[in-house]
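# Structural overview
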Amino acid sequence: MSKHPEPERPQGAPQRKPVTLPQLAEMKRSGQPIVMVTAYDYPSAQVAEEAGVDIVLVGDSAAMTVLGYDSTVPVGMDEMVMLSAAVRRGLRTPLLVTDMPFGSYERSNEQAVENAQRLVKETGCDAVKIERGGASVDRARAIVRAGVPVMGHVGLTPQTATALGGFKAQGKTAERAAQIAEEALALQAAGCFAIVFEAVPAAITEALMPHMEVPVIGIGAGASTDGQVLVFHDLLGIFGGHTAKFVKRFADVRAEMVRGVSAYADEVRAGTFPGPEHIYSVDPAELSQFREWLDQESLSSGTFSHADWDWGP
Ligand code: KIV
């Protein structure tokens, strides 16, 4: 593999300063949309860097998009640490948020603080994200008090999708919408610096937005939020499975990847790859000396050693 280059900047573009929490708050105040995307490895982080997004989330959606599980539930702390550390190496500018996986924060505030601090210490992420209201509000408050910024997540919370009736829109009744509002307001009061609204009817989000003092990042929550987030593999068309109604495909990278790997396989099978431009040369004198060494008697008797051979001056 080639040596990793520094994350690139588009030619002539000024070096951007790392995105900060006050900057995100200011973007909300001034109405400047916040762009967030997920990333799970070094190259996807580099893409997010070069594209100039504001926040990168190492989502536990990695469980489905890169690890092949059928929900986000099985992914654990060790996997999130590895993925987040790889993303950190590819990022310079966007704020880096890492999802706390299911089972890493629910049991107690102590467990939540310990795992949040582990993510920050071992991966260099700037903040963590946790799902739901209820007990998660206490966990958020404890993590913030321990010095780690927290992003909340309400509406469709994939870690507990089964309890919510599956991967479907939330807040479609007035009562459920009120629950989501209460959760968002409680997370805001607990000190979350931003909150994700997932799969919430646009009109419900719009009604709630005037009550939100921290940036709200929407995914399937309409256009009135302060920012948008999409899953990297969904927006680029890398993920082959089902995608939600709120996903817009901005590219069809999977088709291009399949095309590239098929072309490679075809050329290997046809003997046209590697071509002369892909091979290393050797000095003809060295080659003929090597051939002479190969031809010696002792090679076939199994008693050879290249150290016993006279290689000349
Ligand atoms: O895990 C994830 O990718 C997420 C986003 C959908 C917000 O939580």
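Look a little higher up for the structure.
What you are looking at is a predicted structure, and each value in this text was computed from that prediction instead of being measured.

On to the packing of aromatic side chains, then. Scanning the model with the defined rule gives three aromatic pairs in all. Aromatic pair Y264 and F273: ring centres 6.0 Å apart, planes at 70°, arrangement edge-to-face. Overall, F273 belongs to the partly exposed group, its relative accessible area being 32%. With 6.3 Å between their ring centres and 35° between their planes, W293 and W311 make a pair best called tilted. One end of the pair, W293, is in helix α11 (residues 284–295); the other, W311, is in the segment after α12 (297–301), with 18 residues separating them in the sequence. Judged by relative accessible area, W293 falls into the buried class, the value being 11%. What makes W311 partly exposed here is its relative accessible area of 34%. Following the ring pairs from residue to residue traces out a cluster consisting of F290, W293 and W311.

Here N115 is to be found in helix α5 (residues 109–123). Taking relative accessible area as the criterion, N115 reaches 13% and is therefore assigned buried. Setting aside residues up to four positions removed in sequence, N115 forms contacts with M77, M100 and S104.

The terminal C-alpha atoms of helix α10 (residues 253–270) lie 26 Å apart, and with 18 residues this matches the ideal 26 Å at 1.5 Å per residue to within 8%. G271 lies just past α10 and shows a positive phi near 75°.

Turning our attention to the packing of helix α4 (residues 77–90) against α5. Contact pair α4 / α5: the axes reach a minimum separation of 9 Å and the direction vectors enclose 35°. As for the relative orientation of α4 and α5, their crossing is right-handed in sense. Across the interface between the two elements, M77, D78, M80, V81, S84, A85 and R88 from α4 touch N115, R118, L119, E122 and T123 from α5. Considering only residue class, the contact of α4 with α5 consists of five nonpolar, three polar and four charged.

Turning next to the nonpolar core. One finds V56, I143, M151, I195 and F197 to be the most contacted residues of the largest nonpolar core, which totals 72 residues. Take this core: its biggest share by element is five residues, from α4.

It is worth spelling out the site of the ligand at this point. Inspection of the region around the ligand gives T38, L57, G59, D60, S61, D99, K129, H153, E198, I219 and V231 as its neighbouring residues. In this structure, an oxygen atom belonging to the ligand sits 3.0 Å away from a side-chain N or O atom of D60. A distance of 3.1 Å is found between an oxygen atom of the ligand and a side-chain nitrogen or oxygen belonging to D99. Look at the ligand: alone it shows 260 Å² of surface, and the protein chains cover 96% of it. Of the residues belonging to the shell around the ligand, the class tally is three nonpolar, four polar and four charged.

Take helix α1 (residues 21–30) next. Because an α-helix packs 3.6 residues into every turn, residues spaced three or four apart end up facing the same way. Taken together, the buried positions of α1 are occupied by L24, M27 and K28. Buried positions in α1, seen along its axis, are confined to an arc of 100° and lie on one side of it. Opposite its buried face, α1 presents the exposed residues P22 and R29, each directed more than 90 degrees away. Buried residues along α1 sit against β1 (34–38), β2 (55–58) and β3 (95–99).

In this fold, Q159 is placed in the loop between β5 (150–155) and α7 (174–189). Looking at Q159, its side chain comes within polar contact range of the main-chain oxygen of M100, at 3.0 Å. Sequence-distant contacts of Q159, that is, excluding residues within four places in its chain, are made with D60, T72, V73, M100, P101, F102, Y105, E106, E131 and R132.

Before going further, it helps to examine the pairing of β2. Along β2, one buried face is formed by I55 and L57 and the opposite face, lined by V56 and V58, is buried too. Handedness of the crossover joining β1 and β2 through helix α2 (residues 42–51): right-handed. Examined bridge by bridge, β2 and β3 share four bridges and lie parallel to one another. Opposite V56, over in β3, you have L96 as the bridge partner.

The strands making up a sheet are joined through hydrogen bonds of the backbone, oriented either antiparallel or parallel. Overall, parallel pairing links the eight strands, which are arranged β1-β2-β3-β4-β5-β6-β7-β8 in a closed barrel. Across the sheet, the mean angle from the axis of one strand to that of its neighbour is 25°, orientation sign disregarded. Note that β1 and β2 share three bridges and pair parallel. Residue pairing across strands places T38 opposite L57, the latter belonging to β2.

Cut-offs and rules
Residues numbered from 1 in each chain as written. Predicted model: local features only at pLDDT ≥ 70, side-chain atom pairs only at ≥ 80, totals over all residues. Heavy atoms only, no water. Phe/Tyr/Trp six-rings, centres within 6.5 Å; stacked < 30°, edge-to-face > 60°. Buried < 20%, exposed > 50% of the residue type's maximum accessible area, 1.4 Å probe, protein only. Helix = DSSP H or I, 4+ residues; strand = E, 2+ residues; numbered from the N terminus. Contact = heavy atoms within 4.5 Å. Expected span 1.5 Å × (residues − 1). Axes fitted to C-alpha atoms, helices over the stretch in contact; angles between N-to-C directions. Left-handed = near helix turned anticlockwise from the far one by under 90°. Nonpolar A, V, L, I, M, F, W, Y, C, P; charged D, E, K, R; others polar. Core = buried A, V, L, I, M, F, W, Y, C linked by side-chain atoms within 4.5 Å. Near = heavy atom within 4 Å. Polar contact = N/O pair within 3.5 Å; in protein donor to acceptor, adjacent residues only side chain to side chain. Areas by Shrake-Rupley, 256 points an atom, 1.4 Å probe, with all protein chains shown as cover. Arc of directions from axis to C-beta. Right-handed = clockwise from strand over helix to strand, strands pointing away. Pairing = 2+ DSSP bridges.

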